[in-house]
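Geometric and topological summary
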Amino acid sequence: MELLANKLRPTTLSEVLGQEHLIGPNKILTNLINNQKLFSLILYGPPGTGKTSIAEAIVKDLNKNYRLLNAVINNKADFDVVIEEAKMFGELILIIDEIHRMNKDKQDMLLPYIENGLIIIIGLTTANPYHSINPAIRSRCQIFEITPLTPTNIIEGLKRASKYLDKLEVSDDVLEMITSLSSGDLRSALNILEMAYYSTNGGIITKEVLQTINSKPVVYIDKNDTNYYDTISALQKSIRGSDVQAALYYLAILLEAEDLDIIFRRLTVIAYEDIGLANPGIGPKVISAIEAVKLLGLPEGRIPLSVVVVEMALSPKSNSAYLGIENSINEIRKGNVGKVPKHLKNNSKEYKYPHNYKNYWVNQQYLPDEAKDKKFYIPKANTYENNLNKINEEMRKN
């Protein structure tokens, strides 16, 4: 029996839910379809956001020959067949799922055909292509982010699906509960709806039915709701305010909502914005914790996150570097951009090389004349910055 998620797969771009930044009147993907022109591209975003649906809708709208391969499952021989088909048709669109895992042999095989336009690829990935995809492939593709679906998008998808379930009875409250359990993943929401439907007698889905098939407490944060941003804000302000208990509490809410991406991004920002030079080792520790979570997944991933959040909350704080770059940027935006001093210009013979001087320091001007008396960085009173400034002062005693 065909799954509900497959029955609802769009047959045209206009049926795709969400992604209003790419699809709709005068949006880029819609315009490409209207102009009957396609370039190699990469779609990246979380699972269940419609990457495959968008790719298949594009090729159906264009009425072009295409093939769908998986970078891991399909072997080199499968890619050979695609190349031969492309030569036969004169052009072929190749949809590559999990493109970030495509090995070098397959990449090298495809590159010349992508280059000459015989094969147009649509790469699909949950990983950030700027970090995970070979630059040779990436440079030949336009990259588009596919964003998580909103609760409104999910509910619309669930209502579309309802017509395929005979005598289904489901209230708006139950649809909202399914949406909350899906965390922006339409495929997950449809699977929950379908399982709930077939686990009842008579097709009446209630909250009690949902709880029997998904015992996880419903912790949902609507990304279009102020509560979402309030929770993220509370996490940062609790760490900034050195309240370790509150920091762990808000981390737990985000973990129960399984919103790892926002946890990763926000903790990285906090490490450099709020702790900064007071504990400069915290940035690499946050990145290390993030990598550990990616390796472990949940629920184990909560452990390295808890360790780093506790240290962040208990760390001394300094935003001096953050304020320093803000001050510098504000100065530039005011139009106060001076000329680089002559002795700092490329290949200048007047430049004094600090390594040739005592304490590796020599008195020379680095800022333009227009900004030479400006102070952008103002140190805070903490052990690390105090030590840095003492070392800097000693170095200048030539």
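Anything mentioned here points back to the structure above.
Note that the structure is predicted; figures quoted are calculated from it, not measured.

1. A word on the layout of surface pockets
- Size it by volume and the second largest pocket reaches roughly 570 Å³.
- Every residue lining the second largest pocket is counted, 28 residues in all, and those nearest its centre are Gly-48, Gly-50, Lys-51, Ser-53 and Arg-187.
- Among the elements of the structure, α1 (4–7), α3 (51–62), β4 (119–125) and α10 (186–198) are those that each provide at least two residues to the lining of the second largest pocket.
- Residues belonging to the lining of the second largest pocket are distributed by class as follows: eleven nonpolar, nine polar and eight charged.

2. Looking at the side chain of Lys-106
- As for its position among the elements, Lys-106 is in helix α5 (residues 104–115).
- Despite its burial, Lys-106 pairs with no opposite charge, the nearest such side chain being Asp-78 at 7.3 Å.
- Ignoring anything within four residues of it in the chain, the contact list for Lys-106 reads Ala-71, Val-72, Asn-74, Asn-75, Lys-76 and Phe-79.

3. Describing the pattern of salt bridges
- A full pass over the atoms with the stated rule returns 13 salt bridges.
- Glu-156 is the salt-bridge partner of Arg-160, the closest N and O atoms lying 3.1 Å from each other. A residue pair is termed a helical-turn pair when its members lie 3 or 4 positions apart in one helix, as Arg-160 and Glu-156 do in helix α8 (residues 151–162) at four residues.
- Judged by relative accessible area, which is 37%, Glu-156 ranks as partly exposed.
- Connected through shared salt-bridge partners, Arg-240, Glu-273 and Asp-274 make up one network.

4. Describing the nonpolar core
- Residues Leu-158, Ile-178, Leu-190, Leu-193, Ile-205 and Leu-210 are the most contacted members of the largest nonpolar core, which totals 26 residues.
- Of all the elements in the fold, those that place two or more residues in this core are α1, α8, α9 (172–182), α10 and α11 (207–213).
- With seven residues, α10 is the single largest residue contributor to this core.
- With sequence-adjacent residues up to four places away left out, Leu-193 is seen in contact with Leu-4, Leu-158, Ala-161, Leu-165, Ile-178 and Ile-205.

Basis of the calculations
Residues numbered from 1 in each chain as written. Predicted model: local features only at pLDDT ≥ 70, side-chain atom pairs only at ≥ 80, totals over all residues. Heavy atoms only, no water. 1 Å grid on protein atoms, 1.4 Å probe; cavity = no way out; pocket = protein on both sides within 12 Å on 5 of 7 lines; lining within 4 Å. Points joined across faces, edges and corners; volume = space filled by probe spheres on them. Helix = DSSP H or I, 4+ residues; strand = E, 2+ residues; numbered from the N terminus. Nonpolar A, V, L, I, M, F, W, Y, C, P; charged D, E, K, R; others polar. Buried < 20%, exposed > 50% of the residue type's maximum accessible area, 1.4 Å probe, protein only. Lys, Arg positive; Asp, Glu negative; His and termini not counted. Salt bridge = Lys/Arg side-chain N within 4 Å of Asp/Glu carboxyl O. Contact = heavy atoms within 4.5 Å. Core = buried A, V, L, I, M, F, W, Y, C linked by side-chain atoms within 4.5 Å.

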